[in-house]
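# Fold and geometry: a report
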Amino acid sequence: MIKQKKKQYQNKMEQLIQNKRQENMELLNQLEKLEISQQIKEMQIIQTITQQQKREQDIEIIATPQLVSPKWLMNLKPTMTYESDVVTQEESELDQIVKHQLKEKIQKQKEMQQQAYLELINELDLQQKHHTYDEKVKEDFKCTYQYLSQGRQVSIDIKYYDFSKLNPQNYVNDTIINFFLRFIENDIFKNKSLLIYNTYFCTRLLSFHVEYKQIYQQYLQNNSMLQKWTKDNIFKKQYLLFPLHLREHWAVIFVVNPLQVCEQLCNNNNSQLSNDVNKNGYLIYFDSLLIQDQRIGIQIKFYLMHVYNHEHKKFNDDQIYDIVMRSNVPVHQPIVPRQTNLVDCGLYMLEYVERFLMNPYQILNYLEQDHLKWFPKVMIFIKRILIKKILNALSSGQKDYALRYQENCKMIDQQFTDSNQYDYIDEQLLEQLQIPRLQFHLSEDYNYYYDLSPSIGV
């Protein structure tokens, strides 16, 4: 009996031990699964970080050489894109000293130049009847500008709302930009080797995703529509002009010899460049805030290569992406007279276009030099008035009067030759202040070149 009970007890203990072992095994299995799951999560996190680092590295290594500016500009930090904000800082003692030193000089300059502006307006005969710069146009104002495009007649209607955008402290809109570009293309320069794109085309062309793959996917979605809009043979043109509307800001890119640009892209710029600038391809980017955004030029290259491939059928979409991203064909960004308020970017863009078309070689032969003295700063204020003068003349059937535009521009250049009338960057002051470039450009407290125009309503 005792033996039997002992045997039962042993069996029971063995069963308990077996159960305990089973529980421990299950716990070990669960723990192992948790460890494996944790390892997988860690691997996923590491992989995500690695992919992000690779994307950032790709952007840094591939995209950075695409935009070529003078070294002092490239070295300034932070490099700005169109998402950058103006950083406001508390005034330091140095800021206050600089303000005090410049205040009297600024006031004297302002008084002298305001008087000079008004005298020049009188001299340009802008106050004669029907062409007065301060004329209050009626709300039913309408000017229809007609021109030939690809063998058919096209018209642009400029109405009272558009006209009012030429008043001081207003952004010029797409209608004014498109009108003026067509006016100088067809009535001033009459250059058959020039193709000017519509601002609405360029808006469809560009996107502002952070990653280049996303930018390219967006481009591919719009590509068929962009190709339909491209009815001219762009490779027979010497100059392509892209007016860019960039999130409340205007800038412009010129493509010089687009066929050569595409061939240089295909050869990764390894072909020997000619000493004759007429035989090389260039992309030249003008921005009145000197903002450096690598994405702009890259998207223009996407477009050029797709048009090129539409004719030659050499590459698929992925190959075009690799060609553009791996190429070292630069986008040149000359240093040009800078905008110093928040509203005149469109006028600066139009002035860059006009000056470049007047003498392209002034820029092409000296891409790495600054062009701060390209035109006097008074030109931007006067340009609003001159465009109004053109519209008033055209609306009243006096086209000959409108075509006096270039004569008036030449007179302005001849009148303002003093060095104070041109842009100037105090590099030592910029380095000393250690403030963001955009804040430096826009602040009259730090910059000798700023808006001194009288606020005359039109």
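Figured I'd write up the structure that's included with this text. (Residues numbered from 1 in each chain as written. Predicted model: local features only at pLDDT ≥ 70, side-chain atom pairs only at ≥ 80, totals over all residues. Heavy atoms only, no water.)

Quick look at the overall build of the protein now. Helix and strand counts for the protein come out as 17 helices and eight strands. Each of the 458 residues in the protein was classed as buried or not, and the buried ones make up 49%. Residue pairs at least 24 apart in sequence account for 75% of intrachain contacts in the protein once pairs closer than 6 positions are excluded. Accessible area of the protein: about 24500 Å², with a carbon and sulfur share of 47%. (Helix = DSSP H or I, 4+ residues; strand = E, 2+ residues; numbered from the N terminus. Buried < 20%, exposed > 50% of the residue type's maximum accessible area, 1.4 Å probe, protein only. Contact = heavy atoms within 4.5 Å. Areas by Shrake-Rupley, 256 points an atom, 1.4 Å probe, with all protein chains shown as cover.)

End to end, helix α13 (residues 378-395) covers 26 Å across 18 residues, agreeing with the expected 26 Å (1.5 Å per residue, within 8%). At Arg 384, α13 is bent by approximately 25 degrees, the largest bend along its length. Of all 18 residues that make up α13, 17 are buried, and the element is covered over most of its length. Two residues or fewer past α13, Gly 397 is found with a positive phi of approximately 75 degrees. (Expected span 1.5 Å × (residues − 1). Bend = angle between axes of the 7 residues up to and from the residue.)

Attention now moves to the pairing of strand β5 (residues 239-245). With respect to burial, β5 is a largely interior element, six of its seven residues being buried. Pairing analysis gives three bridges linking strand β4 (residues 194-196) to β5, with the strands arranged parallel. Bridge pairing in β5 places Leu 194 opposite Tyr 239. The pairing of β5 with strand β6 (residues 250-256) spans seven bridges and is classified as antiparallel. For Leu 244, the partnering residue across the bridge sits in β6 and is Ala 251. The hairpin turn running from β5 into β6, its antiparallel successor, is four residues long, and Arg 247 in that turn takes a positive phi close to 50 degrees. (Pairing = 2+ DSSP bridges.)

Core analysis: the biggest nonpolar cluster contains 64 residues, and Phe 179, Ile 284, Phe 286, Val 353, Phe 356 and Leu 391 have the highest contact counts within it. If one sorts the elements of this core by residue count, α13 sits on top with twelve residues. Every residue in contact with Phe 286, bar those within four places of it in the chain, is listed here: Ala 251, Val 252, Phe 254, Pro 334, Val 336, Tyr 352, Phe 356, Ile 363 and Trp 374. Residues Tyr 197, Tyr 216, Phe 235 and Tyr 308 belong to the second largest nonpolar core, which totals 42 residues. (Core = buried A, V, L, I, M, F, W, Y, C linked by side-chain atoms within 4.5 Å.)

In the sheet, strand β2 (residues 142-149) pairs with strand β3 (residues 152-159) via eight bridges, with the strands oriented antiparallel. Opposite Thr 144, over in β3, you have Asp 157 as the bridge partner. The loop that links β2 with its antiparallel partner β3 comprises two residues; one of these, Gln 150, has a positive phi angle of about 55 degrees.

Here we take up the pattern of salt bridges. Under the definition given, this model contains nine salt bridges. The salt bridge involving Arg 338 is made with Asp 423; its shortest N-O contact spans 2.4 Å. Pair noted here: Arg 338 is in the loop between β8 (331-332) and α11 (345-358) and Asp 423 is in the loop between α15 (405-415) and α16 (427-433), with a separation of 85 residues, a long-range link. The two residues Arg 338 and Asp 423 agree in class, both being buried. Among the ionic contacts, a cluster of salt bridges with common partners joins Glu 351, Glu 354, Arg 355, Lys 383 and Asp 413. (Salt bridge = Lys/Arg side-chain N within 4 Å of Asp/Glu carboxyl O.)

Let us look at the packing of helix α7 (residues 212-229) against helix α10 (residues 317-326). Orientation of α7 relative to α10, taken along the N-to-C sense of each, is 130 degrees, at an axis distance of 12 Å. It follows that α7 is oblique to α10 by the angle criterion. For the crossing formed where α7 meets α10, the hand is right-handed. When α7 is examined against α10, the residues Tyr 212, Lys 213, Tyr 216 and Leu 220 are found in contact with a partner set consisting of Asp 317, Ile 320, Tyr 321 and Met 325. (Axes fitted to C-alpha atoms, helices over the stretch in contact; angles between N-to-C directions. Parallel < 35°, antiparallel > 145°, perpendicular 65-115°, else oblique. Left-handed = near helix turned anticlockwise from the far one by under 90°.)

Empty space within the largest pocket amounts to approximately 1000 Å³. If you trace the largest pocket, you find 34 residues lining it, with Tyr 147, Ser 149, Gln 150, Arg 182 and Ile 196 closest to the centre. Elements with a contribution of two residues or more to the lining of the largest pocket: β2, β3, α5 (174-189), β4 and α6 (199-205). Looking at the lining of the largest pocket, the element that brings in the most residues is α5, giving seven residues. Residues that form the lining of the largest pocket fall into these classes: twelve nonpolar, eleven polar and eleven charged. (1 Å grid on protein atoms, 1.4 Å probe; cavity = no way out; pocket = protein on both sides within 12 Å on 5 of 7 lines; lining within 4 Å. Points joined across faces, edges and corners; volume = space filled by probe spheres on them. Nonpolar A, V, L, I, M, F, W, Y, C, P; charged D, E, K, R; others polar.)

The phi torsion at Gln 169 lies on the positive side, around 65 degrees, for a residue other than glycine. Residue placement: Gln 169 occurs in the loop between α4 (160-164) and α5. The backbone of Lys 313 shows a phi angle near 55 degrees, a positive value even though the residue is not glycine. Looking at Lys 313, the relative accessible area reads 61%, which means it is exposed.

What follows deals with the packing of α5 against α11. Close contact between α5 and α11 brings their axes to 11 Å; oriented N to C, the two are set at 15 degrees. Between α5 and α11, the interaxial angle falls into the category roughly parallel. Regarding α5 and α11, the two cross each other, and that crossing is right-handed. Where α5 approaches α11, its residues Ile 177, Phe 180, Leu 181, Ile 184 and Phe 189 are matched on the opposing element by Gly 346, Met 349, Leu 350, Val 353, Glu 354, Leu 357 and Met 358. For the contact of α5 with α11, the class distribution of residues is ten nonpolar, one polar and one charged.

Tallying each qualifying case throughout the model produces 29 aromatic pairs. Arranged with centres 5.7 Å apart and planes meeting at 40 degrees, the rings of Phe 201 and Trp 229 form a pair that is tilted. Of this pair, Phe 201 sits in helix α6 while Trp 229 sits in helix α7, placing them 28 residues apart in sequence. Three or more aromatic residues joined by ring pairs form one cluster here, namely Tyr 239, Phe 254, Phe 286, Tyr 348, Tyr 352, Phe 356, Trp 374 and Phe 375. When the ring centre of Tyr 321 is taken as origin, the NZ or CZ atom of Lys 213, which lies over that ring, is 4.1 Å away. (Phe/Tyr/Trp six-rings, centres within 6.5 Å; stacked < 30°, edge-to-face > 60°. Lys NZ or Arg CZ within 6 Å of the ring centre and 35° of its normal.)

Function cannot be read off these values alone, since they describe shape.
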